[in-house]
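One letter stands for each residue in the lines below.
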Amino acid sequence: MPDDTALERIGPYVYRHFDPPRLPAQQQVGVAIVGGGPVGLATALGLARQGVSSVVIEADDSVCMGSRAACISRRSLEICGRLDALPEMMERGLPWSGGRSFWQQQEVFRFSMPVYEGQRLPPMINLQQYYIEDALLAAVQRVNAERPGTIDLRWATRVDTLESGAQGVSLGLVNGLGRGSLQADWVLACDGGQSFVRNALGLALEGTAYTGRYVIVDIELPSQHPTERRAWFDPPWHRGATVLMHRQPDDLWRIDWQLRHGDHTEEAMRPENVRRFVQSHLDAIGEGHLPWKPAWSSVYRAGAMTLQSYRHGRVLFAGNAAHAMPIFGVRGLNSGLDDADNLAWKLAAVLRGEIGRAHV
């Protein structure tokens, strides 16, 4: 099983890598966004719609590796539509409106979300996160073509120091070409579950960190099964645990399986054990005869946690930097896009002097 750093291609998708910029020794900006994933990019685009420029600092040199968040709700699609990122997402995404749940091998529940004739958007689409980020990047390029420099995206650049004061926030930046610093009036922390900004401020998420762990694997599989959510509880091939399966574009299928008490993460992630589990699952659902190969894997630990406040002085938190949610329903990404949508217009109103800082 390839690791994240070695992976350059999944099916037809080829990862583009971006060079780091030369960093100014000192620079004053109005808004700095730490994190260039979906939440950071959506926030930058939302601010741009309000006429507000921003600098986006992203530690990686490409969009994310692997499917990651792959189920996008209608509400999120509406938000991406306002950001001019919807056409690329709808062109490739797989719409779906229902799912089935199995107890062992017996179907025990079926759900269907309302679908109406003439409705503009489906209840959900399945689309790998790297395609979502590509669509948002295309929207960034269109903004910058019309208004150059509106969104200054700095790839392969890390924030390694942070000092927050009453009048703004000082960020130390580093990349392969050297060091630099930013003095920002506002910093938006969109840097994910392991948020550097949150840790630098000595803040911690509060709530429940579940012991449950899930192995997530993308496989290339030429299956013709329709796009729906399938969940197996206590299946004979994985007693006492849960297995989920989703179809994605490019003949890519996402399988999540829960590790049981006593299962060791390192053992479960060994390539031979991943292959053994996936083959047993495909055999059980009648698709074990199809050729398949692994494309990406990771481990997820569920949690229901949050910061008590998403604002700390001139630092504002959004997405997984602000809260952690269980895997089911891809609530992390969808709620993060809600955060971005809500944060952008409020901060823009503050910057225009229309509302006070307490309202952001």
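For the structure itself, look to the data block above.
Residues numbered from 1 in each chain as written. Predicted model: local features only at pLDDT ≥ 70, side-chain atom pairs only at ≥ 80, totals over all residues. Heavy atoms only, no water.

Caption draft 1: View of the sheet that holds strand β9 (residues 124-126). Here we have three strands laid out as an open sheet, ordered β5-β9-β6, and antiparallel in their pairing. Edge positions in the open sheet fall to β5 (71-73) and β6 (94-96), since each of these has one partner strand only. Neighbour-to-neighbour, the strand axes of the sheet open up by a mean angle of 30 degrees, direction not taken into account. Its contacts with the sheet place helix α2 (residues 74-82) against β5 and β9, and it is angled at close to 75 degrees to β5. (Pairing = 2+ DSSP bridges. Helix = DSSP H or I, 4+ residues; strand = E, 2+ residues; numbered from the N terminus. Axes fitted to C-alpha atoms, helices over the stretch in contact; angles between N-to-C directions. Contact = heavy atoms within 4.5 Å.)

Caption draft 2: Just the nonpolar core, in detail. One finds I33, L45, L47, M89, Y130, I151 and L188 to be the most contacted residues of the largest nonpolar core, which totals 62 residues. In terms of residues, this core owes the most to one element, helix α4 (residues 129-146), which gives nine residues. In contact with L45, not counting residues within four places along its chain, are L83, L136, A139, V140, V143 and I151. Membership of the second largest hydrophobic core comes to 23 residues, among which are A32, V197, V315 and A321. (Core = buried A, V, L, I, M, F, W, Y, C linked by side-chain atoms within 4.5 Å. Buried < 20%, exposed > 50% of the residue type's maximum accessible area, 1.4 Å probe, protein only.)

Caption draft 3: Structural context of the sheet that holds strand β16 (residues 242-248). Read across the sheet, eight strands follow the order β8-β7-β15-β16-β17-β14-β18-β21 without closing on themselves; strand pairing throughout is mixed. This sheet does not close on itself; its edge strands, each paired only once, are β8 (106-112) and β21 (323-324). As judged from the two bridges shared by strand β18 (residues 293-306) and β21, these two strands associate in the antiparallel manner. Bridge pairing in β21 places M305 opposite A324. Strand contacts of helix α7 (residues 271-284): β14 (206-220), β15 (229-233), β16, β17 (252-259) and β18, with the helix running at about 105 degrees to β17, the strand carrying the most contacts.

Caption draft 4: How the structure looks around the environment of R68. Mapped onto the fold, R68 is located in the loop between β4 (54-57) and β5. For R68, the side chain forms a polar contact with the main-chain oxygen of M65, separated by 2.9 Å. (Polar contact = N/O pair within 3.5 Å; in protein donor to acceptor, adjacent residues only side chain to side chain.)

Caption draft 5: Expanded view of the pairing of β17. The buried count for β17 comes to seven of eight residues, which makes it a mostly enclosed element. Examined bridge by bridge, β14 and β17 share eight bridges and lie antiparallel to one another. Within β17, the residue paired with V215 across the bridge is W257.

Caption draft 6: Structural view of the packing of helix α1 (residues 38-49) against α4. At a closest axis distance of 10 Å, the pairing of α1 and α4 adopts a crossing angle of 25 degrees. One finds that α1 runs roughly parallel with respect to α4. Here α1 runs over α4; the crossing is left-handed. Counting all contacts with α1, which are made through P38, L41, L45 and A48, the residues of α4 involved are Q129, E133, L136, L137, A139, V140 and V143. Here the contact of α1 with α4 is composed, by residue class, of nine nonpolar, one polar and one charged. (Parallel < 35°, antiparallel > 145°, perpendicular 65-115°, else oblique. Left-handed = near helix turned anticlockwise from the far one by under 90°. Nonpolar A, V, L, I, M, F, W, Y, C, P; charged D, E, K, R; others polar.)

Caption draft 7: Expanded view of the packing of aromatic side chains. Applying the stated criterion across every chain, the model contains ten aromatic pairs. Residues F18 and W155 carry aromatic rings whose centres are separated by 4.4 Å and whose planes lie at 10 degrees to one another, so their mutual orientation is stacked. With a gap of 137 residues between them, F18 in the loop between β2 (13-14) and β3 (27-34) and W155 in the loop between β10 (151-154) and β11 (157-164) connect regions that are remote in the sequence. By relative accessible area, W155 is classed as buried at 8%. With a centroid separation of 6.3 Å and 25 degrees between ring planes, the pair formed by F109 and F111 is classed as stacked. The lysine or arginine in question, R275, covers the ring of W292, its NZ or CZ lying 5.9 Å from the ring centre. (Phe/Tyr/Trp six-rings, centres within 6.5 Å; stacked < 30°, edge-to-face > 60°. Lys NZ or Arg CZ within 6 Å of the ring centre and 35° of its normal.)

Caption draft 8: Quick peek at the pattern of salt bridges. On inspection of all chains with the given rule, the structure shows 17 salt bridges. Put simply, D134 and R16 hold a salt bridge, and the shortest N to O gap is 3.1 Å. Taken together, the residues span a long stretch of sequence, with D134 in helix α4 and R16 in the loop between β2 and β3 at a distance of 118 residues. For D134, a relative accessible area of 18% puts it in the buried group. Relative accessible area serves as the criterion here: at 40%, R16 is assigned to the partly exposed category. Of the charged contacts in the structure, one is a salt bridge between R75 and D341, with a shortest N-O distance of 3.3 Å. One end of the pair, R75, is in helix α2; the other, D341, is in helix α8 (residues 331-351), with 266 residues separating them in the sequence. What makes R75 partly exposed here is its relative accessible area of 37%. Through salt bridges that share partners, R75, R82, D338 and D341 make up one connected network. (Salt bridge = Lys/Arg side-chain N within 4 Å of Asp/Glu carboxyl O.)

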